[in-house]
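Coordinate inspection notes
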Amino acid sequence: FALIDVDEFLVLQQYPQNHSIIHDVLAEYLVPYGGALVMNWVLFGTANKTIYAPAPALKRFSFRDDASHGVVKTIVKASDFRAVRNPHAVLLRKQAGGSNKVSVRTTFTPGHVHEEQFGKTGASDKMRPSDVILVYHYRFLSIKEYTQKRCIRGEAIGNTKGCDRKTGKLSNSAPHHALHRPGVIYDTIAWDFLTSKVPKYRVYDHEEWQDYT
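Presented here is a report on the structure given in the accompanying data block. (Residues numbered from 1 in each chain as written. Predicted model: local features only at pLDDT ≥ 70, side-chain atom pairs only at ≥ 80, totals over all residues. Heavy atoms only, no water.)

**Some words on the nonpolar core**
Going by this rule: As used here, the term nonpolar core means buried Ala, Val, Leu, Ile, Met, Phe, Trp, Tyr and Cys residues forming a set that is joined through side-chain atoms within 4.5 Å. The buried label goes to any residue with under 20% of its type's maximum accessible area, the exposed label to any with over 50%, and the partly exposed label to all in between, with areas taken from a 1.4 Å probe on protein chains only. Segments assigned H or I by DSSP are reported as helices when at least four residues long, segments assigned E as strands when at least two residues long, and all are numbered from the N terminus. The contact rule is simple, with two residues in contact once any of their heavy atoms fall within 4.5 Å.
Counting 19 residues, the largest nonpolar core has Val-25, Leu-37 and Ile-133 as its most contacted members. Secondary-structure elements contributing two or more residues to this core are α1 (22-29), β2 (36-43) and β8 (133-137). Here the element with the most residues in this core is β2; it accounts for 4 residues. In this structure Ile-133 touches Leu-10, Val-11, Leu-12, Gln-13, Ile-22, Val-25, Met-39 and Thr-107, once residues within four positions along its chain are discounted. Of all hydrophobic cores here, the second largest spans 12 residues; its members include Val-11, Val-42, Tyr-136 and Tyr-204.

Structure follows, in structure tokens:
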């Protein structure tokens, strides 16, 4: 199973040439080894949109950072799972026999061990492999939506990073992953994949939706 939030999407970077479905990635990078597989974020920006619009986020926001982020999310083999470490990482069981532990791996190469699993949180991978699969994170949405999320509602754990509590407005001095920005690289891979698999979403490509997207 995967530790994935509702604003995150697993996007195959070699679709359809080498991987046509997520199972193809798992068969190469997780199934032969067991344990867990981590994948890096890539953050999508606001696209300079200021307010909500009634259209899918994957259509509204198509500009991302120019590189993947160091933070990871995890897919774990259920039989090897022991506990959730945090929203990004897990703890694994020992293998049968008890002498060795299964491991967390990355997509750098098949079987590559995630060295940072032994760190304080296990929630990052500074190598940032990006050519197999990424977690497209639509963290910000529009400016108004991000303000609502950060300054008014707050996260479920009470986190208000990215908000100036004195003014109630978004901060320009937040940590990088919480600092809203428009995005610089045009990327429609996720939207193209969605519309190829669920053609009814193509309605949002029609001219009458341009004001919203």
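**Considering the pattern of salt bridges**
Just so we agree on the cut-off: Salt bridge criterion: a side-chain nitrogen from Lys or Arg within 4 Å of a carboxyl oxygen from Asp or Glu.
The final tally for this structure, using the stated rule, is 7 salt bridges. Where Asp-187 meets Arg-64, a salt bridge forms, and the shortest distance between an N and an O atom there is 2.8 Å. In this pair, Asp-187 is assigned in the loop between β11 (185-186) and α4 (189-197) and Arg-64 in strand β3 (residues 63-64), connecting sequence segments 123 residues apart. With a relative accessible area of 7%, Asp-187 lands in the buried category.

**So, the pairing of strand β6 (residues 89-92)**
For clarity, the cut-off: Here, a strand pair is defined by DSSP locating no fewer than two bridges between the strands.
Bridge analysis of strand β5 (residues 81-86) against β6 gives 4 bridges, and the strand direction is antiparallel. Considered in β6, the bridge of Ala-83 is made with Leu-91. In sequence, β5 turns back onto β6 through a hairpin of 2 residues.

**Structural notes on α1**
For the record, the criterion: The arc in question is the one spanned by the directions pointing from the helix axis to the C-beta atoms.
Residues of α1 that are buried include every one of Val-25, Leu-26 and Tyr-29, and no others. The buried side chains of α1 occupy one side of the element, clustering within an arc of 95 degrees when seen end-on. Of the surrounding elements, those touching the buried residues of α1 are β1 (8-12), β2, β4 (72-76) and β8.

**Details of the environment of Ile-133**
Looking at the secondary structure, you find Ile-133 in strand β8. Given the relative accessible area of 0%, Ile-133 is considered buried. A C-alpha to C-alpha distance of 19 Å links Ile-133 and Ser-103, two positions 30 residues apart in sequence.

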